[in-house]
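Chain by chain, the residues:
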Amino acid sequence: FLMSSGLPYTIVKPCGLLDTPAATNELVVGHDDETKLNPPTISRADVARVMFEAVMQPDKASNLRFDLCSKSGPATTDISKVFEAAKYPWQQAHEQVVV
């Protein structure tokens, strides 16, 4: 209902939640539970960080619905890249080619 209401939204579907510090792992986005991570987990603090940035950056986060997990790797610091990665292919900006 929300997605078809015409109102802006950001729906974040976190993987299994952990009580660990934020910004210690790489954030991973996916769609339709297709993220193949073992175990599929994320810090509650990272989820809060992404939600906060969604409120602060509505131009980048509006009308997105995505799974959010984390994996070992360099910590994700630029949350706007998470929002860009969360877009479906038809939502991503395409450069216009003039022939």
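The structure contained in this document is the topic of the report that follows.

What counts, and at which threshold
- Residues numbered from 1 in each chain as written.
- Predicted model: local features only at pLDDT ≥ 70, side-chain atom pairs only at ≥ 80, totals over all residues.
- Heavy atoms only, no water.
- Buried < 20%, exposed > 50% of the residue type's maximum accessible area, 1.4 Å probe, protein only.
- Helix = DSSP H or I, 4+ residues; strand = E, 2+ residues; numbered from the N terminus.
- Pairing = 2+ DSSP bridges.
- Disulfide = S-S within 2.5 Å.

**Focus: the pairing of strand 5 (residues 64–71)**
Two faces, one strand: in a regular strand the side chains alternate between the faces of the sheet. Burial within strand 5 is extensive, with six of its eight residues counted as buried. In this structure, strand 1 (residues 10–14) lies alongside strand 5, joined through five bridges in parallel fashion. Following the sheet pairing, lysine 13 is matched in strand 5 by aspartate 67. Across five bridges, the pairing between strand 3 (residues 26–30) and strand 5 is antiparallel. Bridge pairing links glycine 30 to aspartate 67 in strand 5.

**As for the state of the cysteines**
The final tally for this structure, using the stated rule, is one disulfide. A disulfide bridge connects cysteine 15 with cysteine 69, and the sulfur atoms are separated by 1.5 Å. Here the residue cysteine 15 occupies a position in the loop between strand 1 and strand 2 (16–18), and cysteine 69 occupies one in strand 5, the gap between them amounting to 54 residues. Owing to a relative accessible area of 15%, cysteine 15 belongs among the buried residues under this scheme. A relative accessible area of 0% means that cysteine 69 is categorised as buried.

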